[in-house]
Amino acid sequence: MRIISTKNYNEASARAADLIAAQILVKPDSVLGLATGSTPIGTYKELVKKYNNSELSFSEVSTINLDEYVGLGHDDEQSYYHFMMENLHNKTDIDKNNVYLPNGLAENIDDECIRYEELAEDLGIDIQLLGIGLNGHVGFNEPSDFIENYTYKVELTQSTIEANKRFFKKAEDVPKEAITMGIGTIMRAKKLVLLITGENKAEILDQALFGPITPQVPASLIRMHPDLTVIADNPALKLVSKII
Ligand code: F6R
């Protein structure tokens, strides 16, 4: 595990974008594993900036996202599909046929999970960007006694519903289920980049990076990955300043 510490959110975003850009420069047909939420928005802005400055092309890139809410379609403003289009894909030259997210409206969600897992395996993720939930989740792998190896349907915890209600009109509108890559799916990516910013993540950063490795803190499991880079800003690192 490498830890890159940055002064603030903007610098963390720039560093994450540099890693993704380097991946694309070295391998123009890279497969990027992407995340949603507040944390990666700055990274996507930086990538769009690089595209606009002609430093980068996404024309051969494929992307596959970690997760999607069950019950939300592409046109739903709260869907992760919509998020990705708004924050990244509509602003680059990516071929939209190469953009993949789980289908939250699939008739049979279990079949959709199998299809998505096979897709992730066929594509082969070169670099996976991750955020972390306040409860330690990665993707939507919530704290649990078990490690899920493949894409699956998950019931969101109350803590995740609380944390994500800010994106919806009211808490009742937050879907109760999602399709998420399993920890195993994430671990099979060639490289992982975990982005952690903000003082409200300080406690969980400390547990995930320096506490016991346990499915009760799903992000702690990814420390077993041979190529993990953590990019964290100083507010998020405030409880672990001793190691920096
Ligand atoms: C979203 C995802 C989640 C988020 C996490 C943090 O695709 O995988 O694990 O990364 O909930 O969300 P923010 O960045 O909004 O704090």
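Residues numbered from 1 in each chain as written. Predicted model: local features only at pLDDT ≥ 70, side-chain atom pairs only at ≥ 80, totals over all residues. Heavy atoms only, no water.

So, the overall build of the chain
Here is the rule: Secondary structure elements are defined from DSSP: runs of H or I of at least 4 residues count as helices, runs of E of at least 2 residues count as strands, and each element is numbered from the N terminus. Between the two quantities, the radius of gyration covers C-alpha atoms and the globule rule is 2.2 Å times the number of residues to the power 0.38. Relative accessibility under 20% of the residue-type maximum defines a buried residue, over 50% an exposed one, and the middle range a partly exposed one, all with a 1.4 Å probe and only protein chains included. Should any heavy atoms of two residues lie within 4.5 Å, those residues are considered in contact. The Shrake-Rupley method, run with a 1.4 Å probe, gives the accessible areas here. Residue values count only the displayed protein chains as cover.
Within the chain, the regular secondary structure consists of 8 helices and 10 strands. Radius of gyration (C-alpha) of the chain: 17 Å, near the 18 Å computed for a compact globule of 244 residues. Buried residues in the chain amount to 53% of all 244 residues. Within the chain, contacts between residues separated by at least 24 positions form 78% of all contacts whose residues are at least 6 apart in sequence. A total accessible area of about 11100 Å² is found for the chain, and carbon and sulfur atoms account for 49% of it.

Side note on the site of the ligand
Formally: If even one non-hydrogen atom of a residue comes within 4 Å of a molecule or strand, that residue is called near it. Pairing of N or O atoms within 3.5 Å defines a polar contact, subject to two protein rules: one partner must be a possible hydrogen donor and the other a possible acceptor, and residues neighboring in sequence count only if both atoms are side-chain atoms. Residues are grouped as follows: Ala, Val, Leu, Ile, Met, Phe, Trp, Tyr, Cys and Pro are nonpolar; Asp, Glu, Lys and Arg are charged; all remaining types, including Gly, are polar.
Taken together, 14 residues are adjacent to the ligand, and Thr39, Asp67, His137, Gly139 and Arg166 come closest. In the model, an oxygen atom of the ligand is placed 2.8 Å from a nitrogen or oxygen of the serine 38 main chain. Between threonine 39 and the ligand, the recorded distance is 2.4 Å, taken from a side-chain N or O atom to an oxygen atom. Relative to its unbound accessible surface of 410 Å², the ligand loses 93% to contact with the protein. Looking at the shell around the ligand, its residues break down into 3 nonpolar, 8 polar and 3 charged.

Quick word on the pattern of salt bridges
Here is the rule we go by: A pair is scored as a salt bridge if a Lys or Arg side-chain nitrogen falls within 4 Å of a carboxyl oxygen belonging to Asp or Glu.
Inspection of the entire model under this criterion finds 12 salt bridges. For the salt bridge of lysine 153 with glutamate 177, the shortest nitrogen-to-oxygen distance reads 3.8 Å. Linking lysine 153 in strand β7 (residues 152-155) with glutamate 177 in strand β8 (residues 177-180), this pair joins segments that are 24 residues apart in sequence. The exposure class assigned to lysine 153 is partly exposed, which follows from its relative accessible area of 39%.

Remarks on the nonpolar core
In plain terms, the rule: By nonpolar core we mean a set of buried residues, namely Ala, Val, Leu, Ile, Met, Phe, Trp, Tyr and Cys, connected to one another through side-chain atoms within 4.5 Å.
Counting residues in hydrophobic clusters, the biggest one holds 38 residues, and the most contacted among them are Leu32, Tyr44, Leu47, Phe58 and Tyr69. With 6 residues, the top contributor of residues to this core is helix α1 (residues 9-26). Membership of the second largest hydrophobic core comes to 32 residues, among which are Leu119, Ile183, Ala189 and Leu205.

Digging into the side chain of threonine 185
Relative to the helices and strands, threonine 185 is located in helix α6 (residues 183-187). Look past the residues within four positions of threonine 185 in its chain and what remains in contact with it is Glu117, Ala120, Asn149, Tyr150 and Thr151.

Any link to function would need more than the numbers given here.
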